[in-house]
Amino acid sequence: MTEPDDGALLAAFAAGDLAAARLLTERLAPRALGQAGRMLGDAAEAEDVVQEALLRLWRIAPDWRHGEAQVSTWLWRVVANLCTDRLRARRRGVPLESVAEPEDGRRSVAEEMQARARAEALRAALAELPPRQAEAVALRHLEGLGNPEIARIMDMSVEAVESLTARGRRGLRALLAGRREELGFEDD
Amino acid sequence: MTERPRDGLADEELDALFSAARSGGAPVPLSADFVERVVADAAAERAASRPADAVKAGRVPGAGLWAMLGGWAGASGLVAATAVGVWIGVAQPLDLPALGAAPVELTLMPESDLFGMEG
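Everything numeric here is computed off the predicted structure, so don't read it as measured data.

(A) Broad picture of the pattern of salt bridges. All names here are of chain A. Across all of its chains, the model carries 18 salt bridges over all chains by this definition. Close ionic contact of Arg90 with Glu45 constitutes a salt bridge, the shortest N to O distance being 2.7 Å. Linking Arg90 in helix α4 (residues 71-90) with Glu45 in helix α3 (residues 43-60), this pair joins segments that are 45 residues apart in sequence. Neither residue differs from the other here; Arg90 and Glu45 are each classed as buried. Of the charged contacts in the structure, one is a salt bridge between Arg65 and Glu68, with a shortest N-O distance of 3.8 Å. Residue Arg65 shares its accessibility class with Glu68, and that shared class is exposed. Ionic contacts of the salt-bridge type, sharing partners, join the residues Glu45, Arg86, Arg90, Glu120 and Arg123 into one network.

(B) View of helix α8 (residues 158-175) of chain A. In this model α8 of chain A runs 25 Å from its N-terminal to its C-terminal C-alpha over 18 residues, within 8% of the 26 Å that 1.5 Å per residue would give. Of all the positions in α8 of chain A, only Val161, Leu164, Thr165, Gly168, Arg169, Gly171, Leu172 and Arg173 of chain A are classed as buried.

(C) View of the packing of aromatic side chains. Per the stated rule, a full pass over the model turns up 2 aromatic pairs over all chains. Seen from their ring centres, Phe13 of chain A and Trp58 of chain A are 5.1 Å apart, and the 55 degrees between their planes marks the pair as tilted. Within this pair, whereas Phe13 of chain A is found in helix α1 (residues 6-14), its partner Trp58 of chain A is found in helix α3, the two being separated by 45 residues in sequence. Residue Phe13 of chain A is classed as buried on the basis of its relative accessible area, which comes to 1%. The ring of Phe13 of chain A carries Arg46 of chain B above its face, with NZ or CZ at 6.0 Å from the centroid.

Calculation notes
Residues numbered from 1 in each chain as written. Chains lettered and ligands numbered in written order. Predicted model: local features only at pLDDT ≥ 70, side-chain atom pairs only at ≥ 80, totals over all residues. Heavy atoms only, no water. Salt bridge = Lys/Arg side-chain N within 4 Å of Asp/Glu carboxyl O. Helix = DSSP H or I, 4+ residues; strand = E, 2+ residues; numbered from the N terminus. Buried < 20%, exposed > 50% of the residue type's maximum accessible area, 1.4 Å probe, protein only. Expected span 1.5 Å × (residues − 1). Phe/Tyr/Trp six-rings, centres within 6.5 Å; stacked < 30°, edge-to-face > 60°. Lys NZ or Arg CZ within 6 Å of the ring centre and 35° of its normal.

Worth remembering: the numbers are spatial, not functional.
The structure is reproduced here in structure tokens:
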């Protein structure tokens, strides 16, 4: 027997089946948590974002047009959007030290610190980009999605995605220019 | 080949930052507690949207048009206006002379009294 697709589960939830919401959560949340975790570098914040994204999904469930869009595609976009908002909010004063924790015990402390510093520098720079650029860059380079898929998620042409990510990369390189040494990059 | 403008980070260096962010954002495990929170949200949302669903379920075809007409009050006014229109169309104006039968002259300013000197 084939499993119901995400849209069918959402329709079942809209009709009152709470078990469908649980199944949909177990199916969609792991990937969404990974996406939010990579963008934010903080497990608790990632959970908050995904909970908020799924709450929005429950709210629109009665109006969801089954077959017109994919639930997973919708979720990529909402999570990217919420994460970008969070990154931008961080600019208003969350200390760097309070974000992210080392997870990989195989790396040395120095390597771990440098990786954290690099990841946080990148997230801080993403927060300075226009939100659409930040979302496209994150989907491309943190999630590893192809441009056609990003185009579907962001509801734009592939050419527009290419342009956004190229401008985003240029913006990041310029924003981080003054931190090369601090991030462990040295001239040849 | 590494491309690094004088005032920017090199492409390879930027890729190293992406790599650090990918590995630093360790997978967030799906905890039972988290699932319960999300399902509780879903239950609350269902409970909150039930009245609206009941209205939707009881909706009859044409209900939107009925509301647009203003319900009973609007519809009764519309019926009255229609009845008057039908009556005007059906009733013959018997007492009026046939307008086409003879020319009707109407003098607003008699030439003989242009300056209102008479009377």
